[in-house]
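# Understanding the architecture of this molecule
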Amino acid sequence: MRTSRLPLIWMWMVYGFMYLPVAVIAIFAFNDSELVAFPLQGFTMRWFGQVLGDGRLTGGLGLTFLVSIPVALLSTLLGAMAALALTRYRMPFRGLLLVLVLLPFLIPKVILGVAQLILLSELGIERSLLTIIFGQTIVILPFTTLVIASVLMRIDRRLEEAATDLGASAFSAFRRVTLPLMKNGLLAASFIAFVLSSSEYVLTSLLSGRSQPLSILVASDFRFNMSPALDALALMIVAANLALIVIGELARLRSKS
Amino acid sequence: METSRTGAWLALPVYSAVAALCVAPLLILLAYSFFQVSFVEIIKEPTLKNYARIAGSETYRWLILKAFGSGLTISVVTAIIGYPVAWYIAKRVTVMKSAMLTLLLVPLYTGDLVRIFAWRMLLGAEGVLNTFLMWTGAIREPIEALLFSSLATHIVLTYNYLPFMVLGLWLAFEALDDRLLEAASDLGAGKMSAFRRVMLPLTVPGLVAGGMMVFVMVVGDYLTPQLVGGASGITIVSAINDLFGTAFDWPLGSAIAWTMLAILALLFCAAALIVSRSTLGAALTSGEA
């Protein structure tokens, strides 16, 4: 059967559309002009120098690590527990667990954010880095759970059964068989969680008090200004995020075989 | 299979986290929706006045309708664009299938603000697209209406949520047995009628699942309309945000939020019913997929 070329052309167009903004960021970060516009004026690295010399931004970056590393660890740990419970154990209310884990993904972030805000004010808790960490962890939990579950579903269960048949206790079967096999999934989940956390804006802005991570610091710049230096900053963020995601995905896909 | 107790112990911290950080806040939000505000004080006596105000206010009714209208529009647009893409990945791509899907999702990890910044650069009056078209001589004057318009909002929303639609449809196409299409054509069905009577009905669960995901995310999207929509950027979620900020009417904000949640929940139950009645849904819920 002869298939037409139309679907392939469509695919190229859709993928082109998806990468158009990334391409624009990449091109104009190196363009030697104050204006973000065609025609291109030549190659420069000076916008990167300008960004790296900005002390305010490096301080914000430090805070981002203070928030996003704990969020990555916490949401990966909880996601691993949820994924193990969902895929490995026969238990009552399995459907309920699935719904509850996915629930934070389905609630609009502004609504969840203001709800958490009310709870904090009722309990008399000041907003701080800690409130950002907990708030973000719950909206990232659905992603880490699904990533880890997708790896667990591919692990042959007979390997664990063989371990227990050969006399391993449930815990040591987990530690010596399941855990090494799901390691790549944990790595991928924590990288994705870190990226989602560091670029999260809506929830973070509602829950942050005086200490503001990078995503909040640059928010008003990104929202209202436009300059090649900002574009250079955007490219650095994009490059860092995409590198983490690609490493994580490679690890996750490699665990398939 | 191990004892169910280990599973329960594993699930316990997850249940606690969701209860404390998601369910409890939403319940307090519900309680607040029955309170009232007087100057800067919140009066904690139950009343239905907030809900009456929403029902009686033309602005809020219109904003709610507008939110669901955009949700529906973007769901349909992403379905039309994404359907051939999902089909192609599921049925024509043989090597690196997961990589193709990942490649589609990767641009989303650039972060909301950076993504919107890029689109503002692209669509602005003196932006990349306009200057490019003028440079090549395709247009003489910049097209002002590109940015800060309802069109811009719809373009960026489509961009943001298209991959989720493709993901939902791709699952449905993977579950679709090609032999059914062969049987249809063997029995004399033309391409069009095989599509309309076999392929489309069998991918409805994917359309519904992808559509619901896109719908709920469009309804809840706060940044995109605000930053690229210009005057058209006021949405029901931005109204909620304002009531918790400058306008300081937490109870009214809570009531609007819960009105939205209730409508979304109803739609979800309807969608879940459609998906669970299909074979794909049965396979997914029984955990065999």
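All values derive from a computational prediction rather than experimental measurement.

What counts as what
- Residues numbered from 1 in each chain as written.
- Chains lettered and ligands numbered in written order.
- Predicted model: local features only at pLDDT ≥ 70, side-chain atom pairs only at ≥ 80, totals over all residues.
- Heavy atoms only, no water.
- Helix = DSSP H or I, 4+ residues; strand = E, 2+ residues; numbered from the N terminus.
- Buried < 20%, exposed > 50% of the residue type's maximum accessible area, 1.4 Å probe, protein only.
- Areas by Shrake-Rupley, 256 points an atom, 1.4 Å probe, with all protein chains shown as cover.
- Contact = heavy atoms within 4.5 Å.
- Lys, Arg positive; Asp, Glu negative; His and termini not counted.
- Charge placed at Lys NZ, Arg CZ, Asp CG, Glu CD.
- Core = buried A, V, L, I, M, F, W, Y, C linked by side-chain atoms within 4.5 Å.
- Buried area = accessible area lost by both parts, 1.4 Å probe.
- Salt bridge = Lys/Arg side-chain N within 4 Å of Asp/Glu carboxyl O.
- Polar contact = N/O pair within 3.5 Å; in protein donor to acceptor, adjacent residues only side chain to side chain.
- Nonpolar A, V, L, I, M, F, W, Y, C, P; charged D, E, K, R; others polar.
- 1 Å grid on protein atoms, 1.4 Å probe; cavity = no way out; pocket = protein on both sides within 12 Å on 5 of 7 lines; lining within 4 Å.
- Points joined across faces, edges and corners; volume = space filled by probe spheres on them.
- Domains from an automatic or database assignment.
- Phe/Tyr/Trp six-rings, centres within 6.5 Å; stacked < 30°, edge-to-face > 60°.
- Axes fitted to C-alpha atoms, helices over the stretch in contact; angles between N-to-C directions.
- Parallel < 35°, antiparallel > 145°, perpendicular 65-115°, else oblique.
- Left-handed = near helix turned anticlockwise from the far one by under 90°.

Within chain B, the regular secondary structure consists of 13 helices and 2 strands. Taken along its principal axes, the extent of the C-alpha atoms in chain B is 75 × 70 × 35 Å. Counting every position in chain B, which comprises 289 residues, the buried fraction comes to 48%. About 13800 Å² of surface is accessible on chain B, with carbon and sulfur atoms providing 68% of the total.

Right, let's get into the overall build of chain A. Secondary structure summary: chain A contains 12 helices and 0 strands in total. When its helices and strands are written in sequence order, chain A yields α-α-α-α-α-α-α-α-α-α-α-α. Considering chain A as a whole, with its 257 residues, one finds that 52% of them fall into the buried category. Across chain A, every contact between residues at least 6 apart in sequence was considered, and the portion connecting residues at least 24 apart equals 73%. Counting only carbon and sulfur atoms, one obtains 68% of the accessible surface of chain A, whose full area is about 12200 Å². Once the 20 positive and 13 negative side-chain charges of chain A are each reduced to a mean point, those two points are 10 Å apart.

A few words now on the nonpolar core. In this structure, Ile111(A), Ile138(A), Phe222(A), Leu29(B) and Tyr60(B) are the most contacted members of the largest nonpolar core, which totals 161 residues. Considering each element in turn, this core owes the most residues, 14 residues, to helix α3 (residues 58-91) of chain B. Every residue in contact with Tyr60(B), bar those within four places of it in the chain, is listed here: Ile54(B), Ile236(B), Ala239(B), Leu243(B), Leu252(B) and Ile256(B).

With 84 residues of chain A in contact, the opposing surface of chain B contributes 83 residues. Carbon and sulfur atoms make up 80% of the surface buried where chain A meets chain B, a total of about 7700 Å² over both sides. Put simply, chain A and chain B have 1 salt bridge between them. Taken together, the links from chain A to chain B amount to 9 residue pairs in polar contact (both at pLDDT 80 or more). Top element by residues in the side of chain A that touches chain B is helix α1 (residues 6-28) of chain A. It accounts for 15 residues. Considered class by class, the residues forming the side of chain A that touches chain B number 66 nonpolar, 8 polar and 10 charged.

The next thing to look at is empty space enclosed by the protein. All names here are of chain A. Tallied over the entire structure, the rule returns 1 cavity of 30 Å³ or more. Put simply, the largest cavity is a space of about 40 Å³. Broken down by secondary-structure element, the contributors of at least two residues to the lining of the largest cavity are α3 (55-88) and α8 (170-199). A total of 3 residues in the lining of the largest cavity trace back to one element, the largest contributor, which is α3. Grouping the amino acids of the lining of the largest cavity by side-chain chemistry returns 2 nonpolar, 7 polar and 1 charged.

By a widely used convention, the size of an interface equals the accessible area lost when the partners come together. Residues and elements named next belong to chain A. Under the domain assignment used here, chain A contains domain 1 (1-44) and domain 2 (56-254). Using only C-alpha atoms to locate each centre, domain 1 and domain 2 end up separated by 30 Å. On the domain 2 side, the residues contacting the 10 residues of domain 1 number 8 residues. Of the roughly 690 Å² buried at the junction of domain 1 and domain 2 (both faces included), carbon and sulfur atoms supply 77%. Counting every contact that joins domain 1 to domain 2 gives 0 salt bridges. For the pair domain 1 and domain 2, the interface holds 1 residue pair in polar contact (both at pLDDT 80 or more).

Moving on, we come to the packing of aromatic side chains. Under the counting rule described, the total for this entry stands at 18 aromatic pairs over all chains. When the centroid spacing of 5.6 Å and the interplanar angle of 90° are considered together, the rings of Phe105(A) and Phe143(A) count as edge-to-face. Of this pair, Phe105(A) sits in helix α4 (residues 94-106) while Phe143(A) sits in helix α6 (residues 129-152), and the two are 38 residues apart along the sequence. Each ring, one from Tyr32(B) and one from Trp250(B), has its centre 6.3 Å from the other, and the planes form 45°; the classification is tilted. One end of the pair, Tyr32(B), is in helix α1 (residues 4-32); the other, Trp250(B), is in helix α12 (residues 250-276), and 218 residues separate them in sequence. By the burial criterion, Tyr32(B) is buried, and Trp250(B) matches it. Through successive ring pairs, a cluster of aromatic residues spans Tyr32(B), Phe35(B), Phe244(B), Phe248(B) and Trp250(B).

Residue and element names in this part refer to chain A. One can find Arg 252 in helix α12 (residues 228-254). With relative accessibility at 14%, the residue Arg 252 sits in the buried group. Within polar-contact distance, the side chain of Arg 252 engages the side chain of Glu 249 at 3.1 Å. For Arg 252, the contacting residues outside a window of four places in its chain are Val 147, Ser 150, Val 151, Arg 154, Asn 184 and Ala 188.

A few words now on unusual backbone geometry. Residues and elements named next belong to chain B. Despite not being glycine, Phe 148 has its phi angle at roughly 55°, a positive value. Along the chain, Phe 148 turns up in the loop between α6 (128-136) and α7 (150-175). Classification of Phe 148 as partly exposed rests on a relative accessible area of 48%.

Another point: the environment of Gln50(A). Residues and elements named next belong to chain A. Position of Gln 50 relative to the elements: it lies in helix α2 (residues 46-52). Exposure remark for Gln 50: the relative accessible area of 48% places this residue in the partly exposed category. Along the primary structure Gln 50 and Ser 121 are separated by 71 residues, whereas in three dimensions their C-alpha atoms are 40 Å apart.

Relative orientation and spacing of two packed helices are given, respectively, by the angle between their axes and the distance between those axes. Residue and element names in this part refer to chain A. Direction vectors running N to C along α3 and α4 enclose 150°, while the axes themselves pass 10 Å from each other. Between α3 and α4, the angle is such that the two are roughly antiparallel. Taken as a pair, α3 and α4 cross one another with a handedness that is left-handed. On the side of α3, the interface is formed by Ala 82, Ala 85 and Leu 86, while α4 contributes Arg 94, Leu 97, Leu 98 and Val 101. Looking at side-chain class alone, the contact of α3 with α4 contains 6 nonpolar, no polar and 1 charged residues.

Of all the 9 residues making up helix α11 (residues 236-244) of chain B, 8 are buried; the element is thus mostly covered by neighbouring parts of the structure. Taken together, the buried positions of α11(B) are occupied by Ile236(B), Val237(B), Ser238(B), Ala239(B), Ile240(B), Asn241(B), Leu243(B) and Phe244(B).

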